[in-house]
Amino acid sequence: MNRFEYIKAPSVGEAIKMMNSTVPEAIINANKGGAHIVKAAGVDLLDLIKEGVVSPDRVIDLRQIPGLDKLNFDQQNGLSFGPMVTIATLAENKEVYKNYRALHEATAHAATPQIRNMATMGGNLMQRPRCWYFRSEGHHCLKKGGDVCFAQKGQNQLHAIFDTQICPCVHPSSIATALVAFDAKVELSGPDGKRNLLLSEFFTLPEANVTCENNAQSKEIITNITLPVLKPGTRSFYIKQGQRESYDWSMGDVAVVLEMEGKQCKTARIVLGAAAPVPMRASKAEALLKGKTITEKLAAKAGELAVEGATPMEHNHYKIQLFKTLVKRSILAAV
Amino acid sequence: MADINKKKIVLPLAPNEEFGSVKHLNTKKIKLPHGIPGHNLTEIEREVSADEPPALAVNDQLSVVGKRTKRIDAIYKVTGAAKYTSDIQLPGMLYGKFLRSPHPHAKIKSIDVSAAERHRGVHAVHILSVEPGGAVQRDNGHDAPAETYHVDKLPVLRYVGQPIAGVAAISDKVAREAVQLIKVEYETLPFVVDLDEAMKKGAPLVFEEKVEQQQTGGDVGGEAGAGQQGNLRGPSIGSFYGGPRGDVDQGFNESDIVVEGEFRTQVQTHCALETHGIVADWQTNMLTIYASTQSTKSVRNDLAELFDLPLSKVRVITEYMGGGFGAKFGAGHFGVMAVVLSKKSGHPVKLMLDRKEEQTTAGNRPNSQQMLKIGVKKDGTLQAIDLTSYGTAGIGLGAGVGRVAQDMYTCSNFRMAQYDVFTHAGPGAAFRAPGNVQGCFALEQLIDEIAEKLNLDPLAYRDKIDQSEIRKVERKKGAEKFGWKRKQPGSDSGVVKKGIGVAQGHWPRIIHVDSSATVRINKGGSVEIMSGVQDIGTGTKTILAQVVAEELGLKAEDITVKIGDTTYPDGPGSGGSVTAGSITPAARNAAYQAKMQLLGQVAGGWQVEIADLDMEKGEIFAKSDTSKRMSFVDATKKMRTNQIMATASRPDDYGGFEVGNAIGYDRLGSVQFAEVSVDTETGVIKVDRVVAAHSCGRPLNPLQIESQINGGVIMGVGYALYEDRIMDKETGYMVNANLDQYKLPYSKEIPHIENIIIEQYGAHSSTDASGIGEPANVATAAAIANAVYNAIGVRIYELPMTPDKVLAALQVI
Ligand SMILES: Cc1cc2nc3c(=O)[nH]c(=O)nc-3n(C[C@H](O)[C@H](O)[C@H](O)COP(=O)(O)OP(=O)(O)OC[C@H]3O[C@@H](n4cnc5c(N)ncnc54)[C@H](O)[C@@H]3O)c2cc1C
């Protein structure tokens, strides 16, 4: 860990003034030094600093900024929460359980109880991938501005099975899988004001920029997250499979949001986590369910379609079967 | 026993060149309990030295020994009063930190430590030329181990993480900064980290010349003078149980059924709660060491030899210890470095490894590839066993797969060839039942396959081929508790299939005769026991208190236990499951001798014979005249000296040893039953339940034994399903060197565990106790593997049994 300056930002505006880079920028510009970056609970950031992956000059704490830890729900506007809302807060919220079951499942199955109590949702969406090459001081990989992706020929058992050509890191947030399924939006605040965009547009593929998993700008922070009101009859579920049942990262996770009319599925949103560099919509599977009565057979067929076109790597063929199963089971659990 | 192979077989944990069995001036004959209560308990007569205490009755006739007894130091541990090595703070203490190799194989062209030396707060910098702990090349001028700390040679780097240089500074942070200031120019060389690749012709060589290694553990492999070709060293064709037997080819010819299989096990890294570490305080009159070690005397002996000090000038202290599973013997590279830095700086130096260093440099269970072939007659009689194994302990030796195939079942034709394969990876070390855990995974699956071919239940078949009375009882009691009722393999309906399996474990009964203790009775009635033996978390302190209390008619909490300090008489190392069996007889004998001195004084006062006196419930009384009675405390007040004291060492086993001065008759048997659920759509295995039946001679403290069994089973679950050192072949790094990505079993992975402790008397010593730590871990993975087979009807031949392997076996992928 390097020596750095620590400042508590009094307001969003001040924080934006003080910061000069995102963590991804600080990593690729390491040789220039002078990075001023923001911190929430520090769960991910301190890990990166300790491993020597990022060495900021200044760390700006957002935690004490008033108003960023509010959560609201009403039937007119849906769910909205600030970036400092913790995972535990979401996991324990009754309205979330009632209305956004998949989000409840995703938050309740993320990390450990201790981490859920600290970790914030802003930080969760901005955390960096768990790829062991990216996390290792000894591997200067594409994501860190190097010119090799070690996972291509290396130990890729936990990597992606879609969009693997450039950098097959999977997005580390398993909660994002559920958020994308609910069409969540993020509000970003920067020097020029605020912008709102779908989480699915906020996340970006390596093709766009391999060093970064989203399009947050150097002086932008997440200031709000919203989930729309759901149509009546909407049902959802989420399943995550880790190597362990006790706290673990996702080998594969699936969120399913179904708008039902009686026994019929009107529309479906199915999202795969830890399958691709970003949470991935399984559009063919979604299309299959549209207008049909959900049966076990149909759910299994959706599972098949969800992995169509996958390009598994040397050590992760098992993920195909895993996602087939998780898609099927989540659909059946949702209805 | 058949002809032992020609070369010398090194006994584990025992000095090689010592006198054989001991003769006694006077002997007596005593009758001791022998066998298993409720099964075959009898008495046996042994001729023992005249100063041995009388035979100890079976447990239910005793008041302290054999009773569930709370740890006497539990209160200090839970309140934080217990100080572990990592808690030690000394005035002026500095913090040590290593510069470690970023390359799997390299030469150092140049190294410049001047900036580190100039860095503010740095007191000393030192370059380590040869790392203790790994194999050492003999004929390039490094005559191990005495030269290991010389400054003038630059080390050849053979794995990522190998120590290069150390820094001592006023804080951990400053030390880390200084390490980064050391400039090194490397010449990188080709490397190999994979077992199969390393065996190929033309693979990069780890050692150019022949190597040897000092042994610390109970592993097979690594014998002195073995052959070496390329990265392959061996074979080992024997163990302390002897060499090849009979004619194996003939045996196969005469077999009706032959089964064979190739089994693979992974590298498991040590993950003790407390990492390796030392605080070294070099003073002109004494070198004082605080160490997280399994053997205080091994640290003292290493350092005395390396730094040319008499044994009397090195003191090693391990008051509390945060766990060790075989890798914490000797000074270690960090210990040598801490001492050099302390000597150079004139300050105490603390050097604790961090988790990454722990997992990459501080020892691991080597992996294995085992080709096992067994031939049997139609009636199931074992005709021939043939074992070939390869395994890598990285730059170290001792990757054998133990002695289970050789010794668990009777088979007159046996042959094995166990090879070490060098790779550019951190050195292996002993690890909870080294070798036998790997070997058991193969043997016990193949025995199940034979049973199936013979159409026999796995337990019924073992009843037939297993000579061990202990395991016979364990199978019976275990099957009852478990509710052993097996479906046809793969016949469970549904997606999540349940299955049950059983496997047996085997571990030698090893004794360390260099185990001594002093018992001291003070005026006023306080009693102390003192020994260099350490309590590594197993509860050694508590069993010592129990044994002394039993002898003196007191309570365990009346005894003050002072151990873990080489100032006291040497104790055994805590490895090989030797501790309880080695130190408790010494403790009881010392207590008995001190008691005789006290009773001698009382007898003089009361004008009775010593033999007429005894101690019970805090009192001394005459058996012939019960009105003659005095409390123990009052009696001590009348002692002629302020203290009475006696020291005793572990005598030979009553009835002698099976091999050398260390290997006893009897084995430590175990039988474990597992129930699993296998999700056939995801490949995920869950262990639901384990019943573990174990023997450890006379059980001294069932509460602590249960803890050991629980721990062994949990570790076995981790080994079976989760843990794996993942090496990147392209860069030579361990990519999961942290406790996030290296998967240990946590709360939800732990099955429901039930224990059965068999009380078994072998009449081997004055306490007749044996160890339990290692046996607890031997059979678990094999039992789980057999249960998985029973659930899904296909066998998994490789550990850990992760979803990808299960799905592949089911041919889903
Ligand atoms: C053992 C372990 C297990 C875990 N398991 C899971 C899991 O199963 N599923 C899962 O989803 N996550 C998991 N996590 C990740 C964890 O949820 C995140 O690390 C945590 O949410 C990060 O939040 P934080 O507040 O600590 O962020 P910090 O560490 O403070 O920040 C993380 C990043 O976000 C940036 N940042 C923080 N707040 C903002 C903001 N408002 N705007 C812009 N940038 C911001 C920081 O600059 C930094 O780059 C796990 C973590 C651990 C350690």
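It is worth spelling out the nonpolar core at this point. Residues and elements named next belong to chain B. Formed by 73 residues in total, the largest nonpolar core has its most connected members in Ile 374, Ile 784 and Met 801. With near-sequence residues (within four places) excluded, Ile 784 lies in contact with Ala 674, Val 676, Val 687, Gly 716, Val 717, Ala 720, Leu 721 and Met 801. In this structure, Leu 544, Ala 545, Ala 590 and Leu 599 belong to the second largest nonpolar core, which totals 48 residues.

B:Gly234 connects to B:Pro235 through a cis peptide bond whose omega is 5 degrees. With respect to the secondary-structure elements, B:Pro235 resides in strand S12 (residues 232-236). At the junction of B:Leu799 and B:Pro800, the peptide bond is cis and its omega measures out at -10 degrees in the coordinates. Secondary-structure assignment places B:Pro800 in the loop between helix H18 (780-792) and helix H19 (803-809). Residues other than glycine seldom take positive phi values, yet A:Ala111 does so here, at roughly 50 degrees. Positive phi, close to 80 degrees, is recorded for B:Asp666, a residue that is not glycine.

All names here are of chain B. When you line up the elements, Lys 344 lands in helix H7 (residues 332-345). Under the relative-accessibility criterion, Lys 344 is labelled partly exposed at 44%. In sequence terms Lys 344 and Lys 562 are 218 residues apart; their C-alpha atoms lie 32 Å from each other. Beyond its immediate stretch of four places on either side in the chain, Lys 344 contacts Ala 124, Val 125 and His 126.

With that out of the way, let us pick up the packing of helix H10 (residues 436-453) of chain B against H18(B). Residues and elements named next belong to chain B. Relative orientation of the contacting elements H10 and H18 amounts to 35 degrees, with a least axis distance of 8 Å. The way H10 lies across H18 gives a crossing that is right-handed. From H10, Cys 440, Phe 441, Glu 444, Gln 445, Asp 448 and Glu 452 reach across to H18, where they touch Ala 781, Ala 782, Ala 785, Asn 786 and Tyr 789. Of the residues that constitute the contact of H10 with H18, the class distribution is 6 nonpolar, 2 polar and 3 charged.

To continue, consider the site of the ligand. Residue and element names in this part refer to chain A. Near the ligand you find 32 residues, and of these Val 38, Ala 40, Gly 42, Val 43 and Thr 120 are the closest. With respect to the ligand, the backbone of Ala 111 contributes an N or O atom lying 3.1 Å from an oxygen atom. The separation between a nitrogen atom of the ligand and a polar main-chain atom of Ile 222 is 2.8 Å. Protein coverage of the free-state accessible area of the ligand, which is 980 Å², stands at 96%. Among the secondary structure elements, those contributing two or more residues to the shell around the ligand are strand S2 (36-39), helix H3 (43-51), helix H8 (121-126) and strand S8 (221-227). If you tally residues by element for the shell around the ligand, the top one is H8, at 4 residues. Domain assignment of the residues forming the shell around the ligand places at least three in each of domain 1 (1-66) and domain 2 (234-334).

The final tally for this structure, using the stated rule, is 68 salt bridges over all chains. Of the charged contacts, one joins A:Arg58 and A:Glu5 as a salt bridge, the two residues approaching to 3.4 Å between their closest N and O atoms. With A:Arg58 in strand S3 (residues 58-61) and A:Glu5 in strand S1 (residues 5-8), this residue pair connects regions lying 53 residues apart in the sequence. As a salt-bridge pair, B:Glu730 and A:Lys153 come within 3.9 Å of each other at their nearest N and O atoms. Of this pair, B:Glu730 sits in the loop between helix H16 (702-722) and strand S33 (752-758) while A:Lys153 sits in helix H9 (residues 150-153), which puts the two residues in different chains. What makes B:Glu730 partly exposed here is its relative accessible area of 43%. The class for A:Lys153 is exposed, based on a relative accessible area of 62%. What you see here is one network of salt bridges that share partners, running through A:Asp44, A:Asp47, A:Arg130, A:Arg135 and B:Asp740.

Attention now goes to the sheet that holds strand S27 (residues 613-616) of chain B. All names here are of chain B. The 3 strands are arranged S27-S28-S29 in an open sheet whose pairing can be described as antiparallel. Since the sheet does not close on itself, it has two edges, and those belong to S27 and strand S29 (629-631), each with one partner. With strand direction ignored, the average angle separating the axes of adjacent strands in the sheet is 20 degrees. Across 3 bridges, the pairing between strand S28 (residues 619-622) and S29 is antiparallel. When the sheet's bridge partners are listed, Glu 619 is paired in S29 with Ser 631. Across the sheet, helix H14 (residues 579-606) lies against S27, S28 and S29, angled at about 120 degrees from S27, the strand it touches most.

With that out of the way, let us pick up the domain arrangement of chain A. In terms of domains, chain A is made up of domain 1 (1-66) and domain 2 (234-334). Measuring from the centre of the C-alpha atoms in domain 1 of chain A to the corresponding centre in domain 2 of chain A gives 36 Å.

What counts and how
- Residues numbered from 1 in each chain as written.
- Chains lettered and ligands numbered in written order.
- Predicted model: local features only at pLDDT ≥ 70, side-chain atom pairs only at ≥ 80, totals over all residues.
- Heavy atoms only, no water.
- Core = buried A, V, L, I, M, F, W, Y, C linked by side-chain atoms within 4.5 Å.
- Buried < 20%, exposed > 50% of the residue type's maximum accessible area, 1.4 Å probe, protein only.
- Contact = heavy atoms within 4.5 Å.
- Helix = DSSP H or I, 4+ residues; strand = E, 2+ residues; numbered from the N terminus.
- Axes fitted to C-alpha atoms, helices over the stretch in contact; angles between N-to-C directions.
- Left-handed = near helix turned anticlockwise from the far one by under 90°.
- Nonpolar A, V, L, I, M, F, W, Y, C, P; charged D, E, K, R; others polar.
- Near = heavy atom within 4 Å.
- Polar contact = N/O pair within 3.5 Å; in protein donor to acceptor, adjacent residues only side chain to side chain.
- Areas by Shrake-Rupley, 256 points an atom, 1.4 Å probe, with all protein chains shown as cover.
- Domains from an automatic or database assignment.
- Salt bridge = Lys/Arg side-chain N within 4 Å of Asp/Glu carboxyl O.
- Pairing = 2+ DSSP bridges.

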